[in-house]
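As a plain string of letters, each chain reads:
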Amino acid sequence: MAVDSGVLSDHEIEALVGAEAIRSDLPLDEGQVQPASLDVRLAEDAYRLRASFLPGKDRTVAEMLQEPGIHMHRIDLTKEGAVLETGCVYLVPLMESLRLPAGIAARANPKSSTGRIDVFTRLVTNRSRAFDEVPTGYSGPLYLEVSPRTFPIMVRPGDRLAQIRFKRKKPETLKEKVVSIDLESAGDQPVGYRAKHHSGIVDLRGIGAHEASQFWEPVWPRDGRIVLNPEEFYILVSRETVKVGAMEAAEMAPIAPELGEFRAHYAGFFDPGFGTNTGGSRAVLEVRSRDVPFILEHGQPVAKLVYESMASKPKCLYGGKGSNYQGQGLKLSKHFKT
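Residues numbered from 1 in each chain as written. Predicted model: local features only at pLDDT ≥ 70, side-chain atom pairs only at ≥ 80, totals over all residues. Heavy atoms only, no water.

Visitor: Talk me through the overall build of the protein chain; I want residue IDs and the actual numbers.
Guide: What the protein chain contains, in helices and strands, is three helices and 26 strands. Taken against the 2.2 N^0.38 rule, which gives 20 Å for 338 residues, the C-alpha radius of gyration of the protein chain at 20 Å falls within 12% of a compact globule. Projecting the C-alpha coordinates of the protein chain onto the three principal axes gives extents of approximately 55 × 50 × 35 Å. Every one of the 338 residues in the protein chain was classed for burial, and the buried ones make up 53%. Intrachain contacts of the protein chain at a sequence separation of at least 6 include 82% that bridge at least 24 residues. Mean positive and mean negative side-chain charge positions of the protein chain (43 and 44 charges, respectively) differ by 1 Å. (Helix = DSSP H or I, 4+ residues; strand = E, 2+ residues; numbered from the N terminus. Rg over C-alpha atoms; globule rule 2.2 N^0.38 Å. Buried < 20%, exposed > 50% of the residue type's maximum accessible area, 1.4 Å probe, protein only. Contact = heavy atoms within 4.5 Å. Lys, Arg positive; Asp, Glu negative; His and termini not counted. Charge placed at Lys NZ, Arg CZ, Asp CG, Glu CD.)

Structural data, given as structure tokens:
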């Protein structure tokens, strides 16, 4: 039974599609609707930006792109796709657009696999003054700002780098959970991975097709601690397991300044059902230190999970077909051979 407020579940998202509150250039793909979110897909072109921007309350994104000096050139993603280079900022129109009813708002986040290859994404809407936020009743197109930080990526139309979570009114905050870092080495296993610079291209459709050793080097602790190098990218794992019940949806704050001067998570959504498997699932953390080296010690708090109420129970919980990270410990993205 649906309640008055909360995060919308899969069948409610499907109802928005049926009512054309969510529109798409092409029919939705299988698995695009998740238990409490919708994957969004890249359309056929991208714009290499001179710099990131927000259009502000009086302009559309299309109007901004027509202004001199905003974008450098247009890139065709069709045919064999295109490579988005590190250190560059791109704006990509999405196949999906919205015509939300009053009372329904949305928020976006990178998908887990996107964050784990150090690709920074942010959703942009017309007349927006904040990234990733879609106001109640929004009607218009969606765009995704994409900035690969470490690895260049091969993209094509239909690729999914981000997801949107829809909310009715203001969901109740159920609880908060602080997670700490696991830096205890188990036998011959590393406690994390550090990304190598000047590696090859990550093809987003190359699932299990990339040799991990060409992109990553293992991280080993010394006396239960590691030192994060400034602006290096690390994959680490939480000491605690994370569990999200059927009537909960969780989001990890991308940075909690009181916990340290580093970013601990790029991809923040945890869907209902995550971690309900036998043995549980831990949170994989995408970590980047800021301006100075930073010491992390085993058990040190690194991030915060905020749990919100669902508006209704999903038809399908996380952990079924296509759930790549159920039962995970330390785990690279699905693009790398295990």
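Moving on from the coordinates now.
Visitor: Can you lay out the nonpolar core for me, pointing to particular residues and giving the numbers?
Guide: Core analysis: the biggest nonpolar cluster contains 50 residues, and Ile 153, Phe 166 and Trp 216 have the highest contact counts within it. Counting residues in each nonpolar core, the second largest holds 26 residues, with Val 219, Leu 285, Ala 303 and Tyr 307 among its members. (Core = buried A, V, L, I, M, F, W, Y, C linked by side-chain atoms within 4.5 Å.)

Visitor: Help me get a handle on the pattern of salt bridges, residues and values and all.
Guide: Under the criterion given, the structure shown has 25 salt bridges. Arg 282 is the salt-bridge partner of Asp 182, the closest N and O atoms lying 2.5 Å from each other. Remark: Arg 282 occurs in strand 24 (residues 281-289) and Asp 182 occurs in the loop between strand 15 (173-180) and strand 16 (192-195); sequence separation between them is 100 residues. Of the residues examined, Asp 182 reaches a relative accessible area of 13% and is grouped as buried. Owing to a relative accessible area of 23%, Arg 282 belongs among the partly exposed residues under this scheme. Note that Arg 288 is salt-bridged to Glu 231, the shortest N-O span being 3.6 Å. (Salt bridge = Lys/Arg side-chain N within 4 Å of Asp/Glu carboxyl O.)

Visitor: Give me the lowdown on the sheet that holds strand 15, citing residues and values where you can.
Guide: With respect to topology, four strands assemble into an open sheet ordered 15-26-21-23, the strand pairing being antiparallel. In the strand order of this sheet, the two ends are held by strand 15 and strand 23 (269-270), each with one partner. (Pairing = 2+ DSSP bridges.)

Visitor: I'd like a rundown of the pairing of strand 16, residues and numbers included.
Guide: In this sheet, strand 18 (residues 216-219) lies alongside strand 16 in antiparallel orientation, the contact comprising four bridges. Counterpart to Gly 192 in the pairing with strand 18 is Val 219. Pairing geometry for strand 16 and strand 20 (residues 233-242), over two bridges, is antiparallel. Paired with Arg 194 across the two strands is Tyr 234, which belongs to strand 20.

Function-wise, these values are silent; they only describe arrangement.
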